[in-house]
Amino acid sequence: MNTMKQNESQKMDHFKGQNRLPKFAIPHRYDLTLKPNLELCNFSGSVLVDVSILDTTRFLVLNSIDLVIHESSFTNSNNDKVVPSEVVVDNDGETIVLVFDEPLSIGDGVLEINFDGVLNEHMKGFYKGTYVDGGVRKNMAVTQFEPADARRCFPCWDEPALKATFKITVDNVPSELTALSNMPVSKETINGNFKSLCFEESPIMPTYLVAVVIGVFDYIEETTHDGTRVRAYCPVGKSEKAKLALSISVKALELYTKYFSMPYALPKLDMVAVPDFSGGAMENYGLITYRETELLHDDLHSAAANTQRLSVVVTHEVGHQWFGNLVTMEWWTHLWLNEGFATWVSYLATDILFPEWRIWTQFLEVTAGGLRIDSLEQSHPVEVEVHNASSVLEVFDAISYKKGSSLVRMLKEYLGDEIFQKSLSSYMKKYACKNARTEDLWSVLSDESGVEVNKLMDIWTKQTGYPVIYVKSEDYTLEFEQTRFMSLGLQGEGQWIVPITLSVGSYSNRKTFLLETKIGKLDISELYGSYTSSHQNSDKNEEVPEKPWVKVNVGHTGFYRVKYDSALTARLRKAIEEKWLSPEDKFGILDDTYALCEAGEESISSLLSLMDLFREDLDYLVLSRLINACLNAAKILKDAIYDPWNHLNQFFIDVIISSAEKLGLEPVSGESHLNIMLREEVFTALATFGHRKTHEELKKRFQIYIKDKNTSLFPVDIRKAAYISVMRTSSAVDRSEVDSLLKLYREVDAVQEKTRILSCIASSPDPDIVIEVLNLMFSDEIREQDTVYVTARISMEARETAWIWLKENWDAIIKRWGQGMVFHHFIRDIVTPFSTDEMAEEVEEFFRSRVTPAFVRNLKQSIEQIRIKAKWIEKVKKEESVIIPKLARGLTRSPITTVPKGVTI
């Protein structure tokens, strides 16, 4: 007997600390009943799971956390019912083990479990949300199960590979509320002031896509050509604001059905705006949930950037109904198959729906974001090892989304549109209702294209980082050398098969090849000859330049950086001056130069002189990247150089001021969507840099708006700049305008305006005001989901203040936000603005005893970014502390303007 108990104890210990559930039992069907109590903020429930026992076992192991388990039993196919002798709860492993006295035989059966839980306040699992009805705040209930929080709602096999069908019943719903789930309602029963709703059984899907929403909503609906009913559920009285999202979702469903040669699998698609929501949106099968700003469009308060963001988010989530829902990744290691493809396909759809937006040019910002994070030593592979549920959230990052989608685009460019589309259709057909791994996709692509895609792409998804390609010119030969690019300037390990594209002197004079070795050479005499003959044919009187420009990574579609030798660099700069290059290539050159400068491979003066070449450029893509480079370079220079006269600040203002003058503050009838977006970015930058005239004019218009909300002098696309002007020129002593802005936040109903204000109020240079704003996040005035806007724009002057605030309030921050997605922003936004090794060490020391697996990677990346800046600053101090102010003065073409006292970047 003692031996049996010892063996049993050893078996139980074996279940602990496992990354995956044991596979001796798998679910096929869940019959789930939930009975929430919105007044007491708790719920009870029962689940009957059709299970196959694959190996004789005395244990059933499944996921559960924060649930109280009551009665449980297992009934086999002979209708013999057995009750477990013990239910062992492992909170660390987020599992329960049902222990039976006699082994369960191989075969099918039904597991029944009754349980209770709490509607938590952390926007995960089955949680409590709130809405305002007639000035009264009331409770609602929402689910958010991705990545691994279905287990907080009901005991289940909470892994993406363990797909099943779901029949869901929601009981005890107040009769005036709406209850939604993945499928349409099959039966509704009224019982006094409450109702019970049974939903149709779902197709096969993983637990993380199960969804329930209970609240008060209005809705509008449309139907696709093939009869799918699509609805948008909104706060009461705001259904008109969902018209744009509804129209886009209907068109996207039809577009994807055709593109993937595969119909949408459910009879309906609901989209619902949720007041409390940790992410941007969630692709639950048939019931997509959104934060309100991502679903609602307001003609008075949505800027052009809001409109574009809405389209990309809606098409992303609808795209998931195929990539993720119909075909599901086998494990979180392959998350990028969901997120990378949904990101890529959202740009594909948005480009078709709104071609005038030139959205594929803006996709370069996505690529740039992936390149930035993947240049860190603390980056991770696209196919990342995920060992436990608590760390899954950390891989919902720029690697999975931005690098993943950029690799998709790079591969599509290499294989061609037709083959790529045909391959995706075959992939969907082969793996519909199943799970897939990255190699499964590569296999289909290889079969369709005849290219060894796995050989080409495994290198890109299984190893961290990407290459920088060094390019040298020797007569008519180009020499290439690749090495891993790292922002810390380290020599990284790694070698890639790189699809190289290059143009010589003209975009029609182009070549593509694979660089499969560390060092390679290419004879381009033929391209030189083509360029020379075409140049002579076009104008016989024109002298042919001896050496044409050479651009590698044409269109910046490859996921790598390029560093040219000095001769090739000079020719490219001339090509920029002569306006021979496309916006995409100008973007790429600027983005690469900035990154190389940061890594110590280019001088800061070469970066500034390159910026100077773009001062007259009005293309959105180029100017947007230029502004970003100016803002970030200015922070480095401010920490590196004593500049009492603000010469550097004035240089950055001067680089972008001519664009502001051309655009003007007033909207122009018939102007492009991109120019409208550009206006917001240009004037926001000028306000951030402290441009006096911008501050004065915007604050004047702000005061007019405060008195008259119907004024035409305060268009939506200049409001962010105005709010920054207000915050940058106010102080704790002179705070009347700050109070006006906070009053506006409290009174305005539009969520777009509320988030716009929140994204500006921490930009004050006055530490007292920033402390006040940070403390405001602890109040009920700022929803938990909206803290991400506040922390994203803490002023440089207040970074020390914010760090002290974080340390002093750490326990309260952990208690309030520590379990949700928004928590990661507290680390990233407050830690990364620093730029000295001493601060990196201080941060490491503070977190030494506080770090958990849930945010360890986030913390390491944030500390690494501090060290990158510290190293860059030391280089600037040593090499160029004298020449920079002189260079800035020489490049500045307009007279120095006086910046208001106390206002610096």
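What counts, and where the lines are drawn
Residues numbered from 1 in each chain as written. Predicted model: local features only at pLDDT ≥ 70, side-chain atom pairs only at ≥ 80, totals over all residues. Heavy atoms only, no water. Buried < 20%, exposed > 50% of the residue type's maximum accessible area, 1.4 Å probe, protein only. Helix = DSSP H or I, 4+ residues; strand = E, 2+ residues; numbered from the N terminus. Arc of directions from axis to C-beta. pLDDT = per-residue confidence, 0-100. Contact = heavy atoms within 4.5 Å. Axes fitted to C-alpha atoms, helices over the stretch in contact; angles between N-to-C directions. Nonpolar A, V, L, I, M, F, W, Y, C, P; charged D, E, K, R; others polar. Core = buried A, V, L, I, M, F, W, Y, C linked by side-chain atoms within 4.5 Å. Salt bridge = Lys/Arg side-chain N within 4 Å of Asp/Glu carboxyl O. Pairing = 2+ DSSP bridges. Polar contact = N/O pair within 3.5 Å; in protein donor to acceptor, adjacent residues only side chain to side chain. Phe/Tyr/Trp six-rings, centres within 6.5 Å; stacked < 30°, edge-to-face > 60°. Lys NZ or Arg CZ within 6 Å of the ring centre and 35° of its normal.

J.: Got a sec to walk through helix α10 (residues 453-462)? Specific residues and values, please.
T.: Restricting attention to buried positions, one finds in α10 the residues Val 453, Leu 456, Met 457, Trp 460 and Thr 461. End-on, the buried residues of α10 take up no more than an arc of 110 degrees, which puts them together on one face.

J.: Hey, could you go over the confidence of the model for the protein chain for me, with residue numbers and the actual values?
T.: When pLDDT is averaged along the protein chain, the result is 93, and 94% of the positions lie at 70 or above. In the predicted structure, residues 896-905 sits below a pLDDT of 50 and forms 31 contacts with residues beyond four places in sequence or in another chain.

J.: So what's going on with the environment of Gly 134? Which residues, and what values?
T.: Assignment of secondary structure puts Gly 134 in the loop between β9 (125-133) and β10 (136-144). What makes Gly 134 exposed here is its relative accessible area of 75%. On a C-alpha basis, the gap between Gly 134 and Ile 168 in space is 32 Å, while along the polypeptide they are 34 residues apart.

J.: Can you break down the packing of helix α25 (residues 810-817) against helix α26 (residues 823-831) residue by residue, with the values?
T.: Between α25 and α26, the least distance of the axes is 9 Å, while the angle of their chain directions is 140 degrees. Along the contact surface, α25 presents Trp 810, Ile 813, Ile 814 and Trp 817, while α26 presents Phe 823, Phe 826 and Ile 827. Classifying every residue of the contact of α25 with α26 gives seven nonpolar, no polar and no charged.

J.: Can you explain the nonpolar core? Please cite residues and give values.
T.: Counting residues in each nonpolar core, the largest one holds 294 residues, and the members touching the most others are Phe 154, Phe 480 and Phe 847. When residues in this core are grouped by element, the largest group, twelve residues, is from helix α15 (residues 620-640). Those residues in contact with Phe 154 that lie beyond four places of it in its chain are Tyr 30, Leu 32, Val 47, Asn 63, Leu 67, Phe 115, Phe 145 and Phe 166.

J.: Please set out the pattern of salt bridges residue by residue, giving values where relevant.
T.: Scanning the model with the defined rule gives 57 salt bridges in all. Across the pair Asp 591 and Arg 561 runs a salt bridge, and its minimum N-O distance is 3.0 Å. Highlighted residues: Asp 591 in helix α13 (residues 583-598) and Arg 561 in strand β29 (residues 561-564), separated in sequence by 30 residues. Pair check on accessibility: Asp 591 and Arg 561 agree, each one buried. With a closest N to O distance of 2.7 Å, Glu 666 and Arg 701 form a salt bridge. Taken together, the positions of Glu 666 in the loop between α16 (647-663) and α17 (673-689) and Arg 701 in helix α18 (residues 692-707) put the pair 35 residues apart, joining distant regions of the chain. Given a relative accessible area of 32%, Glu 666 falls into the partly exposed group. Given a relative accessible area of 9%, Arg 701 falls into the buried group.

J.: An account of the sheet that holds strand β12 (residues 178-181) is requested, with residue identities and associated values reported.
T.: Sheet strands associate in pairs through backbone hydrogen bonding, adopting either a parallel or an antiparallel arrangement. One open sheet holds the four strands; their spatial order is β9-β10-β15-β12, and the pairing between them is antiparallel. Since the sheet does not close on itself, it has two edges, and those belong to β9 and β12, each with one partner. Across the sheet, the axes of successive neighbouring strands diverge by a mean angle of 15 degrees, strand direction being ignored. The pairing of β10 with strand β15 (residues 212-215) spans two bridges and is classified as antiparallel. In the strand pairing of β15, Val 142 is matched with Val 213.

J.: Outline the side chain of Thr 361, listing residues and values.
T.: Within the secondary structure layout, Thr 361 lies in helix α6 (residues 359-374). We classify Thr 361 as buried; its relative accessible area is 9%. Looking at Thr 361, its side chain comes within polar contact range of the main-chain oxygen of Arg 358, at 2.6 Å. Not counting residues within four places of it along the chain, the set of residues in contact with Thr 361 comprises Glu 584 and Leu 621.

J.: Lay out the pairing of strand β14 (residues 194-199) with the relevant residues and their values.
T.: The element β14 is extensively covered by neighbouring structure, given that five of its six residues are classed as buried. Sheet analysis places strand β11 (residues 165-174) next to β14, joined by four bridges and oriented antiparallel. Bridging across to β14, Val 173 finds its partner in Lys 195. Looking at chain direction, strand β13 (residues 185-191) and β14 are connected through six bridges and run antiparallel. For Thr 189, the partnering residue across the bridge sits in β14 and is Ser 196. As consecutive antiparallel partners, β13 and β14 are separated by two residues, and within that stretch Gly 192 has a phi angle of approximately 65 degrees, a positive value.

J.: Give a detailed account of the packing of aromatic side chains, specifying residues and quantitative values.
T.: A ring pair, where both rings are aromatic, is described by two values, the distance of the centres and the angle of the planes. Taken as a whole and assessed by the stated rule, the structure comprises 52 aromatic pairs. Residues Phe 651 and Phe 652 carry aromatic rings whose centres are separated by 5.3 Å and whose planes lie at 55 degrees to one another, so their mutual orientation is tilted. Overall, Phe 651 belongs to the buried group, its relative accessible area being 0%. Since its relative accessible area comes to 1%, Phe 652 is described here as buried. Looking at Lys 709, its charged tip hangs above the ring of Tyr 705, at a distance of 5.6 Å from the centre.

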